[in-house]
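Summary of structural features
Chain by chain, the residues run as shown.
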Amino acid sequence: MALEKGIRLGIMTLAALKKSGGLDAALKGFERFYLGPEFCENLIDGSVCEEAAWLQGKGKKICLLTPLLSEKGAGLLDKVFKKLLKFAKNGRLDPAGLEITVNDFGTVELAKRNGLPFTLNAGRLLRDNVFDDTGKAITVHSGLALKFFRELGIKRFELSTLGHRPDVNFAKGALFGFDRREFRLTLYYPYLNLTTTRTCLVGMRDVPTEESVRGVECSRECLISSFELAHPSIKEKLLVRGNTVFLEFPDKFYASEKSLARMNVDRLVYAPFP
(Lines give C-alpha, C1' and ligand atoms only; values in the text may rest on other atoms or scores of the structure.)
Protein backbone atom coordinates (compact mmCIF):
# COMPACT_ATOMS: atom_id res chain seq x y z
CA MET A 1 0.00 0.00 0.00
CA ALA A 2 1.80 3.11 -1.27
CA LEU A 3 1.82 6.11 1.05
CA GLU A 4 0.50 9.32 -0.48
CA LYS A 5 1.66 12.66 0.93
CA GLY A 6 -0.51 15.75 0.98
CA ILE A 7 -0.42 19.28 2.35
CA ARG A 8 -3.33 21.09 3.96
CA LEU A 9 -3.39 24.71 2.85
CA GLY A 10 -6.97 25.16 3.98
CA ILE A 11 -7.87 28.82 3.69
CA MET A 12 -4.38 29.89 2.61
CA THR A 13 -4.49 30.93 -1.04
CA LEU A 14 -1.90 29.93 -3.61
CA ALA A 15 -1.04 33.61 -4.02
CA ALA A 16 -0.27 33.86 -0.31
CA LEU A 17 1.77 30.66 -0.45
CA LYS A 18 3.75 32.00 -3.39
CA LYS A 19 4.35 35.29 -1.58
CA SER A 20 5.68 33.38 1.42
CA GLY A 21 8.18 31.59 -0.82
CA GLY A 22 6.70 28.16 -0.16
CA LEU A 23 4.84 27.38 -3.39
CA ASP A 24 7.71 25.75 -5.28
CA ALA A 25 8.64 23.55 -2.31
CA ALA A 26 5.03 22.48 -1.85
CA LEU A 27 4.69 21.57 -5.52
CA LYS A 28 7.84 19.46 -5.32
CA GLY A 29 7.11 17.80 -2.00
CA PHE A 30 3.43 16.87 -2.09
CA GLU A 31 1.16 14.91 -4.41
CA ARG A 32 -2.17 16.19 -3.12
CA PHE A 33 -3.30 19.64 -1.99
CA TYR A 34 -6.08 20.15 0.56
CA LEU A 35 -7.93 23.39 -0.10
CA GLY A 36 -10.87 25.18 1.46
CA PRO A 37 -12.29 25.78 4.95
CA GLU A 38 -12.43 22.60 7.01
CA PHE A 39 -14.18 24.09 10.02
CA CYS A 40 -15.88 27.42 9.25
CA GLU A 41 -18.63 28.12 6.71
CA ASN A 42 -17.90 31.86 6.72
CA LEU A 43 -14.73 31.15 4.73
CA ILE A 44 -16.37 29.26 1.86
CA ASP A 45 -15.19 30.89 -1.38
CA GLY A 46 -15.71 29.92 -4.99
CA SER A 47 -12.16 30.95 -5.93
CA VAL A 48 -11.05 27.53 -4.69
CA CYS A 49 -12.32 26.11 -8.00
CA GLU A 50 -9.77 28.10 -10.01
CA GLU A 51 -7.02 27.11 -7.59
CA ALA A 52 -7.94 23.43 -7.93
CA ALA A 53 -7.88 23.70 -11.72
CA TRP A 54 -4.46 25.41 -11.65
CA LEU A 55 -3.00 22.73 -9.39
CA GLN A 56 -4.38 19.95 -11.56
CA GLY A 57 -2.61 21.63 -14.45
CA LYS A 58 0.61 21.14 -12.46
CA GLY A 59 -0.15 17.42 -12.14
CA LYS A 60 -1.46 17.58 -8.56
CA LYS A 61 -4.46 15.88 -6.99
CA ILE A 62 -6.92 17.93 -4.97
CA CYS A 63 -9.11 17.45 -1.93
CA LEU A 64 -11.68 20.16 -1.22
CA LEU A 65 -12.34 20.59 2.49
CA THR A 66 -15.86 21.56 3.54
CA PRO A 67 -17.10 22.56 7.03
CA LEU A 68 -20.10 22.23 9.29
CA LEU A 69 -23.08 23.96 7.71
CA SER A 70 -25.99 26.15 8.71
CA GLU A 71 -28.51 27.38 6.13
CA LYS A 72 -26.04 30.18 5.39
CA GLY A 73 -23.16 27.83 4.62
CA ALA A 74 -25.36 25.47 2.62
CA GLY A 75 -26.20 28.30 0.24
CA LEU A 76 -22.55 29.27 -0.15
CA LEU A 77 -21.39 25.70 -0.69
CA ASP A 78 -24.13 24.99 -3.20
CA LYS A 79 -22.71 27.76 -5.40
CA VAL A 80 -19.21 26.25 -5.12
CA PHE A 81 -20.52 22.79 -6.04
CA LYS A 82 -22.30 24.15 -9.11
CA LYS A 83 -19.08 25.88 -10.17
CA LEU A 84 -17.05 22.69 -9.66
CA LEU A 85 -19.55 20.77 -11.78
CA LYS A 86 -19.30 23.36 -14.54
CA PHE A 87 -15.49 23.10 -14.46
CA ALA A 88 -15.72 19.31 -14.69
CA LYS A 89 -18.13 19.41 -17.62
CA ASN A 90 -16.02 21.87 -19.63
CA GLY A 91 -12.79 19.98 -18.96
CA ARG A 92 -11.14 22.45 -16.58
CA LEU A 93 -11.23 19.84 -13.79
CA ASP A 94 -10.65 16.09 -13.95
CA PRO A 95 -13.15 14.43 -11.59
CA ALA A 96 -10.73 11.54 -11.01
CA GLY A 97 -8.22 13.94 -9.49
CA LEU A 98 -10.55 15.72 -7.07
CA GLU A 99 -12.10 14.55 -3.82
CA ILE A 100 -14.43 16.34 -1.42
CA THR A 101 -14.14 15.96 2.33
CA VAL A 102 -17.47 16.36 4.09
CA ASN A 103 -17.90 17.36 7.72
CA ASP A 104 -21.67 17.66 7.60
CA PHE A 105 -24.31 15.24 6.31
CA GLY A 106 -25.96 18.22 4.64
CA THR A 107 -22.90 18.40 2.39
CA VAL A 108 -23.49 14.81 1.29
CA GLU A 109 -27.04 15.77 0.32
CA LEU A 110 -25.81 18.86 -1.58
CA ALA A 111 -23.32 16.74 -3.49
CA LYS A 112 -26.06 14.26 -4.36
CA ARG A 113 -28.51 16.94 -5.50
CA ASN A 114 -25.88 18.52 -7.75
CA GLY A 115 -24.86 15.17 -9.21
CA LEU A 116 -21.19 15.73 -8.41
CA PRO A 117 -18.85 13.18 -10.01
CA PHE A 118 -16.27 13.44 -7.21
CA THR A 119 -15.31 10.95 -4.49
CA LEU A 120 -16.50 11.90 -1.00
CA ASN A 121 -14.46 11.42 2.20
CA ALA A 122 -15.60 11.67 5.83
CA GLY A 123 -13.80 14.54 7.56
CA ARG A 124 -12.36 14.89 11.03
CA LEU A 125 -15.56 16.36 12.47
CA LEU A 126 -17.43 13.15 11.62
CA ARG A 127 -14.85 10.76 13.03
CA ASP A 128 -16.73 10.01 16.26
CA ASN A 129 -19.51 8.37 14.23
CA VAL A 130 -17.18 5.45 13.51
CA PHE A 131 -13.95 5.76 15.48
CA ASP A 132 -12.96 6.18 19.11
CA ASP A 133 -9.64 8.01 19.44
CA THR A 134 -10.07 9.42 22.94
CA GLY A 135 -7.48 7.16 24.55
CA LYS A 136 -4.27 5.49 23.42
CA ALA A 137 -5.96 3.62 20.60
CA ILE A 138 -7.90 4.21 17.41
CA THR A 139 -10.75 1.74 17.32
CA VAL A 140 -13.80 1.18 15.16
CA HIS A 141 -16.72 1.06 17.56
CA SER A 142 -19.47 0.34 15.03
CA GLY A 143 -19.43 -1.88 11.98
CA LEU A 144 -22.94 -0.64 11.18
CA ALA A 145 -21.66 2.94 11.03
CA LEU A 146 -19.00 1.88 8.53
CA LYS A 147 -21.73 0.21 6.47
CA PHE A 148 -23.81 3.40 6.60
CA PHE A 149 -20.93 5.47 5.24
CA ARG A 150 -20.20 2.89 2.52
CA GLU A 151 -23.79 3.22 1.37
CA LEU A 152 -23.13 6.96 0.99
CA GLY A 153 -20.13 6.11 -1.19
CA ILE A 154 -17.61 7.02 1.53
CA LYS A 155 -14.70 4.67 2.16
CA ARG A 156 -12.01 7.11 3.34
CA PHE A 157 -11.98 8.66 6.80
CA GLU A 158 -9.82 11.51 8.06
CA LEU A 159 -8.26 11.52 11.53
CA SER A 160 -5.62 13.51 13.40
CA THR A 161 -2.36 12.33 14.91
CA LEU A 162 -2.58 11.48 18.60
CA GLY A 163 1.08 12.22 19.21
CA HIS A 164 2.07 8.56 19.38
CA ARG A 165 1.65 5.35 17.43
CA PRO A 166 -1.73 4.11 18.65
CA ASP A 167 -3.09 0.61 18.93
CA VAL A 168 -5.95 -0.35 16.61
CA ASN A 169 -8.60 -3.06 16.65
CA PHE A 170 -8.72 -3.41 12.87
CA ALA A 171 -7.28 -6.94 12.82
CA LYS A 172 -10.21 -8.04 15.03
CA GLY A 173 -12.84 -6.49 12.79
CA ALA A 174 -14.91 -9.65 12.63
CA LEU A 175 -15.67 -9.25 16.35
CA PHE A 176 -17.02 -5.74 15.73
CA GLY A 177 -18.80 -6.44 12.46
CA PHE A 178 -16.43 -4.88 9.94
CA ASP A 179 -13.68 -5.74 7.48
CA ARG A 180 -10.55 -3.57 7.58
CA ARG A 181 -10.25 -3.86 3.79
CA GLU A 182 -13.39 -1.79 3.40
CA PHE A 183 -11.91 1.55 4.48
CA ARG A 184 -8.75 3.65 4.38
CA LEU A 185 -7.50 6.40 6.68
CA THR A 186 -5.99 9.81 6.05
CA LEU A 187 -3.92 11.07 8.98
CA TYR A 188 -3.27 14.79 9.56
CA TYR A 189 -0.24 16.02 11.49
CA PRO A 190 1.04 17.71 13.66
CA TYR A 191 -2.24 19.20 14.95
CA LEU A 192 -5.15 17.42 16.61
CA ASN A 193 -8.47 19.27 16.45
CA LEU A 194 -9.96 19.03 19.91
CA THR A 195 -13.23 20.92 19.62
CA THR A 196 -15.14 23.10 17.19
CA THR A 197 -17.80 25.65 18.15
CA ARG A 198 -20.81 26.87 16.22
CA THR A 199 -19.37 30.37 15.96
CA CYS A 200 -15.85 31.79 16.05
CA LEU A 201 -14.23 32.27 19.45
CA VAL A 202 -12.60 35.57 18.48
CA GLY A 203 -14.19 36.86 15.26
CA MET A 204 -17.92 36.70 15.94
CA ARG A 205 -20.34 37.61 18.69
CA ASP A 206 -22.08 34.78 20.48
CA VAL A 207 -25.12 33.57 18.54
CA PRO A 208 -27.85 31.81 20.56
CA THR A 209 -28.93 28.43 19.22
CA GLU A 210 -32.39 29.72 18.32
CA GLU A 211 -30.94 32.57 16.20
CA SER A 212 -29.86 32.20 12.57
CA VAL A 213 -26.23 33.01 11.76
CA ARG A 214 -27.22 34.17 8.26
CA GLY A 215 -26.89 37.88 9.03
CA VAL A 216 -23.99 37.66 11.51
CA GLU A 217 -20.78 39.22 10.22
CA CYS A 218 -17.36 37.60 10.75
CA SER A 219 -14.24 39.75 11.15
CA ARG A 220 -11.97 36.86 10.00
CA GLU A 221 -9.17 37.15 12.57
CA CYS A 222 -8.36 33.53 11.72
CA LEU A 223 -6.85 34.68 8.42
CA ILE A 224 -4.19 36.58 10.37
CA SER A 225 -2.95 33.96 12.82
CA SER A 226 -3.75 31.39 15.44
CA PHE A 227 -3.79 32.26 19.13
CA GLU A 228 -2.21 30.46 22.09
CA LEU A 229 -4.50 29.58 24.95
CA ALA A 230 -3.29 28.86 28.47
CA HIS A 231 -5.22 27.74 31.54
CA PRO A 232 -3.89 26.80 35.00
CA SER A 233 -5.81 23.51 34.90
CA ILE A 234 -4.44 22.46 31.50
CA LYS A 235 -0.77 21.53 31.18
CA GLU A 236 -0.72 21.44 27.36
CA LYS A 237 -0.44 24.53 25.21
CA LEU A 238 -3.61 24.95 23.17
CA LEU A 239 -3.91 26.76 19.85
CA VAL A 240 -7.06 28.51 18.70
CA ARG A 241 -7.77 29.34 15.07
CA GLY A 242 -11.22 30.65 14.36
CA ASN A 243 -13.84 28.33 15.81
CA THR A 244 -11.51 25.39 16.53
CA VAL A 245 -9.08 24.51 19.33
CA PHE A 246 -6.00 22.43 18.48
CA LEU A 247 -3.25 20.54 20.27
CA GLU A 248 0.17 20.30 18.62
CA PHE A 249 2.30 17.14 18.45
CA PRO A 250 5.57 18.22 16.79
CA ASP A 251 7.43 14.91 17.28
CA LYS A 252 7.35 12.06 14.76
CA PHE A 253 4.47 9.75 15.58
CA TYR A 254 5.26 6.61 13.57
CA ALA A 255 8.22 4.29 13.21
CA SER A 256 7.84 3.39 9.53
CA GLU A 257 5.42 3.38 6.64
CA LYS A 258 4.78 -0.26 7.50
CA SER A 259 3.46 0.79 10.89
CA LEU A 260 1.09 3.22 9.17
CA ALA A 261 -0.15 0.47 6.86
CA ARG A 262 -1.02 -1.57 9.95
CA MET A 263 -3.28 1.33 10.93
CA ASN A 264 -4.90 1.41 7.44
CA VAL A 265 -3.22 4.78 6.87
CA ASP A 266 -2.21 5.24 3.23
CA ARG A 267 -2.23 9.04 3.17
CA LEU A 268 -0.41 11.57 5.36
CA VAL A 269 -1.40 15.22 5.29
CA TYR A 270 0.97 17.84 6.65
CA ALA A 271 -0.66 20.96 8.09
CA PRO A 272 1.85 23.84 8.26
CA PHE A 273 -0.50 25.67 10.60
CA PRO A 274 -3.64 24.75 12.60
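Cut-offs used in this document
Residues numbered from 1 in each chain as written. Predicted model: local features only at pLDDT ≥ 70, side-chain atom pairs only at ≥ 80, totals over all residues. Heavy atoms only, no water. Helix = DSSP H or I, 4+ residues; strand = E, 2+ residues; numbered from the N terminus. Buried < 20%, exposed > 50% of the residue type's maximum accessible area, 1.4 Å probe, protein only. Contact = heavy atoms within 4.5 Å. 1 Å grid on protein atoms, 1.4 Å probe; cavity = no way out; pocket = protein on both sides within 12 Å on 5 of 7 lines; lining within 4 Å. Points joined across faces, edges and corners; volume = space filled by probe spheres on them. Core = buried A, V, L, I, M, F, W, Y, C linked by side-chain atoms within 4.5 Å. Pairing = 2+ DSSP bridges. Nonpolar A, V, L, I, M, F, W, Y, C, P; charged D, E, K, R; others polar.

1. Quick word on the overall build of the protein chain
Check the secondary structure of the protein chain and you find eight helices and 15 strands. Counting only C-alpha atoms, the protein chain reaches 50 × 45 × 45 Å along its principal axes. Counting over 274 residues, the protein chain shows a buried share of 51%. Of the contacts made within the protein chain by residues no fewer than 6 positions apart, 74% connect residues no fewer than 24 positions apart.

2. Quick word on empty space enclosed by the protein
To locate leftover empty space, one rolls a probe as large as a water molecule over the atoms. Across all of its chains, the model carries two cavities of 30 Å³ or more by this definition. Empty space within the largest cavity amounts to approximately 150 Å³. Around the largest cavity sit 18 residues that line it, and R8, I11, F39, L43 and R241 are the ones nearest its centre. Counting only elements with at least two residues in the lining of the largest cavity, the list comes to β1 (4-10) and β14 (244-248). No other element matches β1, which puts three residues into the lining of the largest cavity.

3. Overview of the nonpolar core
Among the nonpolar cores identified, the biggest contains 67 residues, and L84, I100, F131 and F157 are the most heavily contacted of them. Sequence-distant contacts of F131, that is, excluding residues within four places in its chain, are made with I138, T139, V140, H141, F157, L159, F170, F183 and L185.

4. Some points on the pairing of strand β13 (residues 234-241)
As paired elements, strand β12 (residues 227-231) and β13 share four bridges and run antiparallel to each other. If you follow F227 over to β13, its bridge partner there is V240. Counting the residues that bridge the hairpin from β12 to β13 gives two residues.

5. As for unusual backbone geometry
The peptide bond linking Y189 to P190 adopts the cis configuration, its omega dihedral lying at 5°. By secondary structure assignment, the location of P190 is in the loop between β10 (184-189) and β11 (191-196). One non-glycine residue, N264, lies in the positive phi region at around 65°. On the secondary structure map, N264 appears in the loop between α8 (257-262) and β15 (265-270). Accessibility expressed as a relative area gives 3% for N264, which makes it buried.

6. Looking at the layout of surface pockets
Counted as a void, the largest pocket has a volume near 300 Å³. Of the residues belonging to the lining of the largest pocket, the class tally is five nonpolar, six polar and four charged.

7. Let's talk about the environment of F87
The residue F87 is located in helix α4 (residues 71-89) in this model. Note on F87: relative accessible area 5%, which makes it buried. Once residues within four sequence positions are removed from consideration, F87 is found in contact with C49, E50, A53, R92 and L93.

In short, the description is geometric, and any link to function would need to be established separately.
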